[in-house]
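# Fold and contact review
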Amino acid sequence: MTDPAPRIEPEPDTAPDSAPTATPTAAPASSRRSRRLAAGAAAVTVVLWASAFVAIRSAGEAYAPGALALGRLLAGALALGALCLIRREGWPPRAAWPGIAVSGLLWFGFYMVALNWGEQEVEAGTAALLVNIGPILMALLASRFLGAPLPPRLLAGMGVSFAGAILVGISMSGSGGSSVLGVALCLLAAVGYACGVVAQKPALGHGSALQVTTFGCLVGAVACLPFAGQLVRDAADAPLSATLNMVYLGVFPTALAFTTWAYALARTTASRMGATTYAVPAVVVLMSWVALDEVPEVLTLGGGLLCLAGVAVSRSRAG
């Protein structure tokens, strides 16, 4: 069992990464290395979460929303459980369980079902736009409950990125109307996402990123067990490509990306991590351009660039 990470409360702008006995010259180097690793982990998360929007649309043609969420979570739990056994990670400390339980129910469970359902009711661009209110809610909740700072650069960056997300959403939305149900589901998904992340942050002060992710995924899977019958029926009729997409969602955007997210979140604030996810729409545009030969419109490209610019501003430091 690995040693739990140090307690993080109230939420700092950056986590203390150097040991107390480190020399003055070694401390900045250790801090820079930790920031680079956290930035790399966040980048992996952004890329994999961007790919999830495409996979959800594909698998959702054969699997019902709850069945898809359960299948994804089961695949993710198996991958994470195997990794825990290999690394000999034990049960999380008792103090980590409230955050694990809440994030598992709201983020791994509720969010995934609501997003899957919402993407069947509205266009992908509209869904991405609505879900992108999540980082704004996250920043407000983190400030209220975790004491996270809201520096002007962070707020300005989030504003720029949200404007970019609006442009991407408008340009990628089709001419068909979006249902009220679909809009409501995407908004509820954003609320579940924001609340789940804020609940997860304190848990990372007691358990490792792998522990918090693994058991959060298990909690979400248990919460989705009522959809087991639907999953069995859908799997019997689904084409292989849809099932492979579901497994991909579980192994990569869930098991790997949620772990790299937790690793980065433990080393920065929930607000900054939320702002980082505004890069997802830009990556989706790039993936569609490269992989699907879908040349973006000028409005889409401009919105994607604004998203990236806002992320750069929100993660920059004064001075």
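What comes next is a walk through the structure.

### Description of the pattern of salt bridges
One pass over the structure, following the stated rule, counts one salt bridge. Here Arg 87 and Glu 89 are joined by a salt bridge, their closest N and O atoms 3.7 Å apart. The class for Arg 87 is partly exposed, based on a relative accessible area of 47%.

### Side note on the packing of aromatic side chains
Throughout the structure, instances matching the rule amount to 13 aromatic pairs. Between Trp 107 and Phe 258, the aromatic rings sit 4.7 Å apart at their centres with planes inclined by 45°, giving tilted as the arrangement. Here the residue Trp 107 occupies a position in helix H3 (residues 97–121), and Phe 258 occupies one in helix H10 (residues 240–265), the gap between them amounting to 151 residues. A single burial state applies to Trp 107 and to Phe 258, both of which are buried. On the basis of an interplanar angle of 40° and a centroid distance of 5.7 Å, the ring pair of Tyr 111 and Tyr 193 is categorised as tilted. Note that Tyr 111 is positioned in helix H3 and Tyr 193 in helix H7 (residues 180–203), a separation of 82 residues in sequence. Taken individually, Tyr 111 and Tyr 193 each receive the classification buried, so the pair is uniform in this respect.

### A few points about the nonpolar core
Within the largest apolar cluster, 82 residues are counted, with the highest numbers of intra-cluster contacts made by Tyr 63, Trp 107, Tyr 111, Val 197 and Trp 261. Examining the composition of this core, we find that 12 residues originate from one element, helix H1 (residues 26–59), more than from any other. Not counting residues up to four positions away in its chain, the partners in contact with Tyr 63 are Leu 68, Gln 120, Leu 231, Asp 234, Ala 235, Ala 238, Ala 242, Thr 243 and Met 246.

### So, the packing of H3 against helix H8 (residues 209–223)
Interhelical geometry of H3 versus H8 gives an angle of 55° and a closest axis separation of 7 Å. Relative to H8, the element H3 lies oblique. The handedness of the crossing between H3 and H8 comes out as right-handed. Residues Trp 97, Ile 100, Ala 101, Gly 104, Leu 105, Phe 108 and Gly 109 of H3 form the contact with H8, whose own contacting residues are Val 212, Thr 213, Phe 215, Gly 216, Cys 217, Val 219, Gly 220 and Ala 223. Taken together, the residues of the contact of H3 with H8 sort by class into 10 nonpolar, five polar and no charged.

### Quick notes on helix H5 (residues 134–145)
The end-to-end C-alpha separation of H5 is 16 Å, in line with the 16 Å expected for 12 residues at 1.5 Å each. Within H5, burial applies to Gly 134, Pro 135, Met 138, Ala 139 and Ala 142. Buried residues of H5, viewed axially, fall in a sector of 135°; they line one side. Every exposed residue of H5 that faces more than 90 degrees away from the buried side is listed here: Leu 140 and Arg 144.

### With respect to the environment of Val 102
Among the structural elements, Val 102 can be located in helix H3. Separated by 114 residues in the primary sequence, Val 102 and Gly 216 have C-alpha atoms spaced 8.3 Å apart. What Val 102 contacts, discounting residues up to four positions off in sequence, is Trp 107 and Ala 199.

### What about H8?
Over its 15 residues, H8 runs 21 Å from end to end, which matches the ideal 21 Å to within 8%, given 1.5 Å per residue. Every buried residue belonging to H8 is among Ala 209, Leu 210, Gln 211, Val 212, Thr 213, Thr 214, Phe 215, Gly 216, Cys 217, Val 219, Gly 220 and Ala 221, and all of these are buried. Where H8 is buried, its residues meet helix H2 (65–87), H3, H7 and H10.

Procedures and definitions
Residues numbered from 1 in each chain as written. Predicted model: local features only at pLDDT ≥ 70, side-chain atom pairs only at ≥ 80, totals over all residues. Heavy atoms only, no water. Salt bridge = Lys/Arg side-chain N within 4 Å of Asp/Glu carboxyl O. Buried < 20%, exposed > 50% of the residue type's maximum accessible area, 1.4 Å probe, protein only. Phe/Tyr/Trp six-rings, centres within 6.5 Å; stacked < 30°, edge-to-face > 60°. Helix = DSSP H or I, 4+ residues; strand = E, 2+ residues; numbered from the N terminus. Core = buried A, V, L, I, M, F, W, Y, C linked by side-chain atoms within 4.5 Å. Contact = heavy atoms within 4.5 Å. Axes fitted to C-alpha atoms, helices over the stretch in contact; angles between N-to-C directions. Parallel < 35°, antiparallel > 145°, perpendicular 65-115°, else oblique. Left-handed = near helix turned anticlockwise from the far one by under 90°. Nonpolar A, V, L, I, M, F, W, Y, C, P; charged D, E, K, R; others polar. Expected span 1.5 Å × (residues − 1). Arc of directions from axis to C-beta.

So, to be careful, I would describe these as geometric facts and stop short of saying anything about function.
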